[in-house]
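# Descriptive analysis of the structure
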Amino acid sequence: MTLNFTLIPVTHYQQNCSLIWCGATGKGAVVDPGGDLPILLRHIEEQQIVVEQVLLTHGHMDHAGAARSLADRLQIPIVGPHREEAFWLDILPQQAQMMGFPSVPPLTPDRWLDEGETVTVGEQTLEVFHCPGHTPGHIVFFHRASDTAWVGDVLFAGSIGRTDFPRGDFDTLVQSIRGKLWSLGDQVRFIPGHGPMSTIGNERRSNPFVADKRFG
Ligand SMILES: [Zn+2]
Ligand SMILES: [Zn+2]
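As the structure is a prediction and not an experimental result, all values here were calculated from the model.

### A closer look at the overall build of the protein chain
The helix and strand inventory of the protein chain stands at seven helices and 13 strands. With the C-alpha coordinates aligned to their principal axes, the bounding extent of the protein chain is approximately 50 × 40 × 30 Å. Evaluated residue by residue, the protein chain yields a buried proportion of 46% over its 216 residues. Restricting to contacts in the protein chain with at least 6 residues of sequence separation, those with at least 24 account for 59%.

Below, the structure is given as structure tokens:
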């Protein structure tokens, strides 16, 4: 048995929220619940998953907007992102206002995550990589047993995350991608925060921002 997942696009940004669960135990987590709480609750109920935690890749509204309401509803902890992301989570109310979301309070996770730490979902283990550049405390979750990564807004199929926000940095982002994600292996498939899934190998070959051929 392995780690199962289903993608649930949420908010008008069509953010790829994931419901993930251990096939052996039915214990699960929700990655990046940006909004649309009723839709998330319906999926959880339909799949009959015992959701035990909310996992966050970073503090942008479309990823973290429903984290607190979901966690309170299910009485579960919020885990991640990296401590540097307090910068964004503290201003969730302002993000909501700017992006046209219902208002939410600032958020402090129950547990920050750091490079090299792991998160357990049932009998499955997710490895944590700190991948700054899009935001300072952005993390990536990697399930090595199934070669699957949740990369948030670090890397997309054919693109990379924006770096024009405060504390965003293009070179840092490229370093996170090429220095950390590439080493996961070409065969690894990834779920980006927006748009279709891809593989590390595909992006190494053809991504216009970070393909190997651009770096000779
Ligand atoms: Zn983002
Ligand atoms: Zn996003």
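### So, the sheet that holds strand 7 (residues 124–130)
Ordered in space as 6-7-8-9-12-13, the six strands form an open sheet in which the pairing is mixed. In the strand order of this sheet, the two ends are held by strand 6 (118–121) and strand 13 (198–199), each with one partner.

### Describing the pairing of strand 8 (residues 139–143)
Within a regular beta strand, the side chains point alternately toward one face of the sheet and then the other, so they alternate between its two faces. Judged by how many residues are buried, strand 8 sits mostly within the fold: five of five residues are covered. Burial along strand 8 is two-sided: Ile 139, Phe 141 and His 143 and Val 140 and Phe 142, pointing in opposite directions, are all buried. As paired strands, strand 7 and strand 8 are joined by four bridges and run antiparallel to one another. Pairing of His 130 across the sheet is with Ile 139, part of strand 8. Across three bridges, strand 8 lies against strand 9 (residues 148–152) in antiparallel orientation. Paired with Phe 141 across the strands is Trp 150, a residue of strand 9.

### What to know about the pairing of strand 9
With five of five residues buried, strand 9 lies mostly within the body of the structure. Residues Thr 148, Trp 150 and Gly 152 of strand 9 are buried on one face, and the alternating residues Ala 149 and Val 151, pointing to the opposite face, are buried as well. Strand direction decides the pairing type here: strand 9 and strand 12 (residues 189–192), joined by four bridges, are parallel. Paired with Trp 150 across the two strands is Ile 191, which belongs to strand 12.

Rules behind the numbers
Residues numbered from 1 in each chain as written. Chains lettered and ligands numbered in written order. Predicted model: local features only at pLDDT ≥ 70, side-chain atom pairs only at ≥ 80, totals over all residues. Helix = DSSP H or I, 4+ residues; strand = E, 2+ residues; numbered from the N terminus. Buried ≥ 20, exposed ≤ 12 C-beta atoms within 10 Å, placed from the backbone. Contact = placed C-beta atoms within 7 Å. Pairing = 2+ DSSP bridges.

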